[in-house]
Amino acid sequence: MTGWLEAGLWGLLGGGALVVGAAVAWWVQVPRTVVAAVMAFGAGVLVSALAFDLVLEAVEGGGLLVTVAGFLAGAVAYVAANAALARRGAQHRKRSGGQQSGEAEQPGSGGAIAVGALLDGVPESVVLGASLLGGGGVSASVVAAVVISNLPEGLSSAAGMKAAGRSAGYVFGVWGGIAAASAVAAAVGYLALDGAGAGTTAAITALAAGAILTMLADTMIPEAFERTQLFTGLITAVGFLTAFAVSRAGG
């Protein structure tokens, strides 16, 4: 199998977890506390993958300065894009408790939410594609982190969309489109970085890592904290340690 195609399939797997989560939210009444707990766990898993896979790999490949610059650039770019989308009604796109704006309340919010969901998913997919470079195979810990975090993300966001009066066509159109875009982003990430220098690859990896961590703090952890509150930190820590232990055992 060609590298870019394999990367696309891994990206589709990660994005497909969003569709599965949305389907569960649409047809099953999952307690919000359960969703919040899984989201906190997934956030911890993703932080572990960022620290011990992406950032460490970037430092080893491109050095500390390149990694710091790329990481900060990713964080700033995400904040700027997220702020612009928030003004158009997408600030609560991962919230499940009725905070999302409906089209009647804020015209154009549906499109902003869709773009926001795409913004959240693209960095993860690029990282999945880039992890295949060098012929070592995809990073199992990164794949697990993306899937585990995307399931409750899709579930919570779709529940909020449903509460805001969005149609099934809109909900599944958004998440199906994001899954397809994730596949394309992973394939493009592989093709764009194939043959690139270590510094370039490190900068892109760090940029994606910065965007992902900022996304966690801005969108996932607030939703988790709303329901799990004092237990949020503990659940996140358990997710972090679980991913770290699995990564070390596999290494």
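None of these values were measured; they are calculated from a predicted model.

Thoughts on the UniProt feature "transmembrane region" (unreviewed entry) in the chain
According to UniProt, the feature "transmembrane region" (unreviewed entry) maps to residues 7-28, 34-56, 63-85, 126-148, 169-192, 198-217 and 229-247 in the numbering used here. Between the end C-alpha atoms of residues 7-28 there is a gap of 32 Å, over a span that is 95% helix and 0% strand. Between the C-alpha atoms that bound residues 229-247 the distance is 28 Å, and the span itself is 84% helix and 0% strand.

Some points on the side chain of threonine 201
Its place among the elements puts threonine 201 in helix α7 (residues 198-228). Among the residues examined, threonine 201 registers a relative accessible area of 17% and is labelled buried. Contact partners of threonine 201, with chain neighbours within four places excluded, come to Leu193 and Ala196.

Considering the confidence of the model for the chain
In the predicted model, the chain carries a mean pLDDT of 82, and 87% of its residues have values of at least 70. Averaged pLDDT values for the elements of the chain fall to 74 in helix α4 (residues 109-130) and rise to 89 in helix α1 (residues 3-27).

So, the environment of alanine 37
Looking at the secondary structure, you find alanine 37 in helix α2 (residues 32-62). For alanine 37, a relative accessible area of 22% gives the class partly exposed. Distance from alanine 37 to phenylalanine 231, taken between C-alpha atoms, is 8.4 Å for residues 194 residues apart in sequence. Residues within four places of alanine 37 in sequence aside, it is in contact with Thr228 and Ile235.

Focus: the packing of α1 against helix α6 (residues 168-193)
Two numbers describe a pair of packed helices, the interaxial angle and the distance between the axes. Where α1 contacts α6, the axes come no closer than 7 Å and their chain directions differ by 160°. Here α1 lies roughly antiparallel to α6, going by the angle between them. The element α1 and its partner α6 pack so that their crossing is right-handed. For the contact of α1 with α6, the residue count by class is 20 nonpolar, seven polar and no charged.

Cut-offs used in this document
Residues numbered from 1 in each chain as written. Predicted model: local features only at pLDDT ≥ 70, side-chain atom pairs only at ≥ 80, totals over all residues. Heavy atoms only, no water. UniProt positions renumbered as here; feature names shortened; annotations may be inferred. Helix = DSSP H or I, 4+ residues; strand = E, 2+ residues; numbered from the N terminus. Buried < 20%, exposed > 50% of the residue type's maximum accessible area, 1.4 Å probe, protein only. Contact = heavy atoms within 4.5 Å. pLDDT = per-residue confidence, 0-100. Axes fitted to C-alpha atoms, helices over the stretch in contact; angles between N-to-C directions. Parallel < 35°, antiparallel > 145°, perpendicular 65-115°, else oblique. Left-handed = near helix turned anticlockwise from the far one by under 90°. Nonpolar A, V, L, I, M, F, W, Y, C, P; charged D, E, K, R; others polar.

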